[in-house]
Amino acid sequence: MPLSEHEQRMLEQMERALYAEDPKFATALEGSGLRTYTRRRVYQAVAGFLVGIALLMAGMVAQQWWISVVGFLVMLGCAVLAVTGWRNAPKRGEQPAGRGHRQRQKRSMMNRIEERWQRRRDEQQGGGH
C-alpha cells in the first residue's frame with residue numbers, strides 16, 4: 001500500500017532532519033541495508049555453488065549418480081540466486097529501488113489520475129443538478 005501525500009511529506013521531513021542532525025549516520029544508512037543483503041546473498045550462493053561442485057564430484061567418485069544430480073541441482077539453483085542477486089543489487093552511489101525517478105513518475109501518474117477523477121466528479125455534480 002503506497003504512502004499518502006501527507007505520509008510522504010512527513011517521511012521526507014524526517015529524512016531531512018536526520019541529515020541535518022547527523023549527516024554521517026544518515027549517509028551510512030542510505031541504501032547500505034539492501035546492498036549488504038544482496039552482497040551476502042551472492043556470497044552465500046557462491047558458497048552453495050562450491051558445495052554443489054563437491055557433491056557432484058563426490059557422487060562421481062562414489063559412483064552414486066543421484067548424489068551427482070543433487071550436486072548439479074544445487075549448483076544450478078545457487079547460480080540463479082547469484083545472478084539475480086547481482087543484477088538486483090543497487091550500484092554504489094545509486095539510490096535503492098522505489099525511490100528517485102521511478103517514484104516521481106508513479107506519483108505524477110497518480111496525480112494525473114486523481115485530477116481526472118476529480119474533474120469527472122465535478123462535471124457529474126455540476127451537470128446532474
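Note that the structure is a prediction, hence the values are computed from the model and not measured. (Residues numbered from 1 in each chain as written. Predicted model: local features only at pLDDT ≥ 70, side-chain atom pairs only at ≥ 80, totals over all residues. Heavy atoms only, no water.)

Asks: Teacher, can you tell me more about the overall build of the protein chain here?
Replies: When helices and strands are counted, the protein chain shows 5 helices and 0 strands. Reading the helices (α) and strands (β) of the protein chain from amino to carboxyl end gives α-α-α-α-α. Put simply, the protein chain has 129 residues, and 16% of those count as buried. Carbon and sulfur atoms make up 62% of the accessible area of the protein chain, which amounts to about 10,800 Å² in all. (Helix = DSSP H or I, 4+ residues; strand = E, 2+ residues; numbered from the N terminus. Buried < 20%, exposed > 50% of the residue type's maximum accessible area, 1.4 Å probe, protein only. Areas by Shrake-Rupley, 256 points an atom, 1.4 Å probe, with all protein chains shown as cover.)

Asks: I tried to follow a positive patch on the surface on my own but got confused; where do I start?
Replies: Among the surface-exposed residues, R112, R116, R119 and R120 lie close enough to one another that they form a single positively charged patch. With respect to the helices, strands and loops of the structure, R116 is situated in helix 5 (residues 101-128). Looking at R116, the relative accessible area reads 44%, which means it is partly exposed. (Patch = residues over 30% accessible without salt bridge, like charges linked within 9 Å, V, L, I, M, F, W, Y side chains within 5 Å. Salt bridge = Lys/Arg side-chain N within 4 Å of Asp/Glu carboxyl O. Lys, Arg positive; Asp, Glu negative; His and termini not counted. Charge placed at Lys NZ, Arg CZ, Asp CG, Glu CD.)

Asks: I'm lost on unusual backbone geometry in this one. Help?
Replies: In terms of backbone geometry, most residues other than glycine have negative phi values and most peptide bonds are trans. The backbone of Q63 sits at a positive phi, close to 55 degrees, despite the residue not being glycine. Following the sequence through the fold, Q63 ends up in the loop between helix 3 (32-61) and helix 4 (65-88). Classification of Q63 as exposed rests on a relative accessible area of 70%.

Asks: What am I meant to see in the environment of A47 here?
Replies: Within the secondary structure layout, A47 lies in helix 3. The spatial distance from the C-alpha of A47 to the C-alpha of M75 is 9.7 Å, given a sequence separation of 28 residues.

Asks: What am I meant to see in the side chain of S68 here?
Replies: The residue S68 is located in helix 4 in this model. A residue is classified by how much of its surface remains accessible, and S68, at 11% relative accessible area, is buried. Apart from the residues lying within four places of it in its own chain, the contact partners of S68 are L55, L56, G59 and M60. (Contact = heavy atoms within 4.5 Å.)

Asks: I would appreciate a short explanation of the confidence of the model for the protein chain in the present structure.
Replies: Interpretation of this model should avoid reading the predicted coordinates in detail wherever pLDDT is low. Per-residue confidence for the protein chain averages 76 on the pLDDT scale, and 68% of its residues sit at or above 70. The spread of mean pLDDT over the elements of the protein chain runs between helix 2 (residues 23-29), the lowest at 67, and helix 4, the highest at 86. (pLDDT = per-residue confidence, 0-100.)

Asks: Got a minute to help me understand the environment of M57 in this structure?
Replies: Considering the arrangement of structural elements, one finds M57 in helix 3. The sequence separation of M57 and G71 amounts to 14 residues, and the corresponding C-alpha distance is 8.2 Å.

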